[in-house]
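Here is what each chain is made of, one letter per residue.
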Amino acid sequence: ALLDIYNTYDACTALDNNMDGFKWINADDIFRSIYSFMRFSPSGKDSLVFIMNFTPVARGDYRVGVPCAGEYTLLLDERMNSGQVFTAEKQECDGQPYSFAIPLAAYGTAVLKFNLKKPRKKAAPKKEAAEKKPAAKKPAAKKTAKKAE
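Residues numbered from 1 in each chain as written. Predicted model: local features only at pLDDT ≥ 70, side-chain atom pairs only at ≥ 80, totals over all residues. Heavy atoms only, no water.

Visitor: What exactly am I supposed to notice about the side chain of Arg 39 here?
Guide: Secondary-structure assignment places Arg 39 in strand E2 (residues 34–39). For Arg 39, a relative accessible area of 15% corresponds to the buried category. A distance of 3.2 Å separates a polar atom in the side chain of Arg 39 from the backbone oxygen of Cys 12. At 2.6 Å, the side chain of Arg 39 and the side chain of Asp 16 are in polar contact. Residue contacts for Arg 39: discarding those within four places in its chain leaves Ala 11, Cys 12, Thr 13, Leu 15, Asp 16, Gly 21, Phe 22, Ser 47, Leu 48 and Phe 50. (Helix = DSSP H or I, 4+ residues; strand = E, 2+ residues; numbered from the N terminus. Buried < 20%, exposed > 50% of the residue type's maximum accessible area, 1.4 Å probe, protein only. Polar contact = N/O pair within 3.5 Å; in protein donor to acceptor, adjacent residues only side chain to side chain. Contact = heavy atoms within 4.5 Å.)

Visitor: What should I look at first to understand the environment of Val 57 in this one?
Guide: Structurally, Val 57 is set in the loop between strand E3 (47–53) and strand E4 (59–66). The spacing of Val 57 and Tyr 107 is 50 residues in sequence and 7.6 Å in space, taken between C-alpha atoms.

Visitor: Is there a simple way to think about the nonpolar core in this case?
Guide: Where a protein is soluble and globular, its nonpolar side chains tend to be buried together. Residues Val 49, Ile 51, Tyr 72, Phe 100, Ile 102, Leu 112 and Phe 114 are the most contacted members of the largest nonpolar core, which totals 20 residues. Beyond its immediate stretch of four places on either side in the chain, Leu 112 contacts Ser 47, Leu 48, Val 49, Ile 51, Tyr 72, Thr 73, Leu 74, Leu 75, Phe 86, Phe 100 and Ile 102. Counting residues in hydrophobic clusters, the runner-up holds 11 residues, among them Tyr 9, Phe 37, Leu 48 and Met 52. (Core = buried A, V, L, I, M, F, W, Y, C linked by side-chain atoms within 4.5 Å.)

Set out below in structure tokens:
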């Protein structure tokens, strides 16, 4: 199943040589030993989230931060399940603006796909022609002649 994901989704390989293809979500969870990261496809479509629990403790509602709102579809978990959809809500987590809760089994892994919604660039405000005032002329320095005495 994992090999199928690797062969099906460009996010696994397309940007291997580019820093834009990978981003940690949480690489520092030393107390729960749960780590998560994202792999991005060049278009943002069918990007992937990986969540891995390295402990014997199940987490019924593990919250993971994600970069955008929308649906995150489970592709694979420890029971070989797929198809369940999680909806990200506007709740900051792991330094990301959105998040969702997912049940994570002891020693479990979850792989989810999502479509990265890249922020739209705001149009630059139209600049009105600035009225240029002619530079004020400085008065010429007066020359004073000393009278010979």
